[in-house]
Amino acid sequence: IGSGYNEYNKTENLVKVVRRGFPGKNREILLTYPLENVQAIGIKISEGLNPKRSIYLCLKDERKIPLTPVQQPNSISNLENEAAELAQFLN
């Protein structure tokens, strides 16, 4: 449902996750985290009848925020490359 984007800003030391188009009154979600709270970038891969491949922002308080859109599963190599580039950028 909906759309959104992720913004990684080293100047402001923030990660912003914006999602739009959810049903109901609060149609927009804005999550903002300081870069210091980012512990790692994680990948979750589940195969089978309903395969899912996602990249997660893992925070120091053990929360995992999904970063990839809901769509047809990306290839595993593309997913790994995206996660590696993001981890390298965030340092």
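Up top is the structure these notes are about.
The sections below set out a description of the structure shown in this document. (Residues numbered from 1 in each chain as written. Predicted model: local features only at pLDDT ≥ 70, side-chain atom pairs only at ≥ 80, totals over all residues. Heavy atoms only, no water.)

Quick look at the sheet that holds strand 6 (residues 64–66) now. Spatial ordering of the open sheet is given by 4-5-6, a layout of three strands whose pairing is antiparallel. The sheet terminates laterally at strand 4 (38–46) and strand 6, the two strands that pair on one side only. Between one strand and the next, the sheet's axes are offset by a mean angle of 30°, whatever the strand orientation. Note that strand 5 (residues 52–59) and strand 6 share three bridges and pair antiparallel. Bridging across to strand 6, Cys-58 finds its partner in Lys-64. Lying on the sheet, helix 1 (residues 76–90) is in contact with strand 4 and strand 5; it crosses strand 4 at an angle near 175°. (Pairing = 2+ DSSP bridges. Helix = DSSP H or I, 4+ residues; strand = E, 2+ residues; numbered from the N terminus. Axes fitted to C-alpha atoms, helices over the stretch in contact; angles between N-to-C directions. Contact = heavy atoms within 4.5 Å.)

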